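In case you want the letters, here they are:
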Amino acid sequence: MRSFRLEKFNRREGWDKKYAPVAIGPIDAKEYKRQGFWPLLEGQLKREGRYLDIGCGVGGWLRFLRGRGFMVEGVEIAEQTVERLVQAGMDGVKTGSIT
């Protein structure tokens, strides 16, 4: 029988590694419209509402929704990714986690 050791996964480092090669920049709105839950989400959002994208990653949904006039802020656990977003001019994004 093989034995193996489970190492504790560091979520901040893990997500930063995943997002490191992903460019932060303009998005292709068609890509977001094609996602299956967009019609459901679109029907629930109100223009006068404020929304929070928990686990916003590299900010694609933030840019997509803001581009449609919605007020959206983001929370992301990956500190380096948030720093990259801020450096790219993305406001309203904070480092944190929801537990």
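Scroll up to find the structure.
Parameters and conventions
- Residues numbered from 1 in each chain as written.
- Predicted model: local features only at pLDDT ≥ 70, side-chain atom pairs only at ≥ 80, totals over all residues.
- Heavy atoms only, no water.
- Buried < 20%, exposed > 50% of the residue type's maximum accessible area, 1.4 Å probe, protein only.
- Helix = DSSP H or I, 4+ residues; strand = E, 2+ residues; numbered from the N terminus.
- Contact = heavy atoms within 4.5 Å.
- Salt bridge = Lys/Arg side-chain N within 4 Å of Asp/Glu carboxyl O.
- Phe/Tyr/Trp six-rings, centres within 6.5 Å; stacked < 30°, edge-to-face > 60°.

**Digging into helix α1 (residues 11-19)**
Given 3.6 residues per turn, any residue in an α-helix points the same way as the ones three and four places further on.
Phase 1 of the analysis: Among the residues of α1, Gly14, Asp16 and Tyr19 are the ones counted as buried.
Phase 2 of the analysis: Where the residues of α1 are buried, they touch β2 (71-76) and α5 (79-87).

**Structural notes on the pattern of salt bridges**
Phase 1 of the analysis: Here the structure, examined in full by the defined rule, presents three salt bridges.
Phase 2 of the analysis: Here Glu79 ties to Arg12 by a salt bridge, and the two come within 3.1 Å at their closest N and O atoms. Of this pair, Glu79 sits in helix α5 while Arg12 sits in helix α1, and the two are 67 residues apart along the sequence.
Phase 3 of the analysis: With a relative accessible area of 38%, Glu79 lands in the partly exposed category.
Phase 4 of the analysis: The salt bridge partner of Glu73 is Arg50, with a shortest N-O separation of 3.1 Å. On the criterion of sequence distance, the pair formed by Glu73 in strand β2 and Arg50 in strand β1 (residues 50-54) is long-range, its members being 23 residues apart.

**Description of the side chain of Thr81**
Phase 1 of the analysis: Within the fold, Thr81 resides in helix α5.
Phase 2 of the analysis: Residues within four places of Thr81 in sequence aside, it is in contact with Trp15, Asp16, Tyr19, Ile24, Gly57 and Val58.

**Description of the packing of aromatic side chains**
Phase 1 of the analysis: All chains considered together, the criterion is met by eight aromatic pairs.
Phase 2 of the analysis: Both rings, one in Tyr32 and one in Phe64, keep their centres 5.4 Å apart while their planes meet at 20°; by these two values the pair is stacked. Residue Tyr32 is found in helix α2 (residues 29-34), and its partner Phe64 is found in helix α4 (residues 60-66); the two are separated by 32 residues along the sequence. With respect to class, Tyr32 is no different from Phe64; both count as buried.
Phase 3 of the analysis: Ring centres of Phe37 and Trp61 lie 5.4 Å apart, and the angle between their planes is 35°; on these two criteria the pair is classed as tilted. One end of the pair, Phe37, is in the loop between α2 and α3 (38-44); the other, Trp61, is in helix α4, with 24 residues separating them in the sequence.
Phase 4 of the analysis: Assessed through its relative accessible area of 45%, Phe37 is described here as partly exposed.
Phase 5 of the analysis: Three or more aromatic residues link up through ring pairs in this structure, and these residues are Tyr32, Phe37, Trp38, Trp61 and Phe64.

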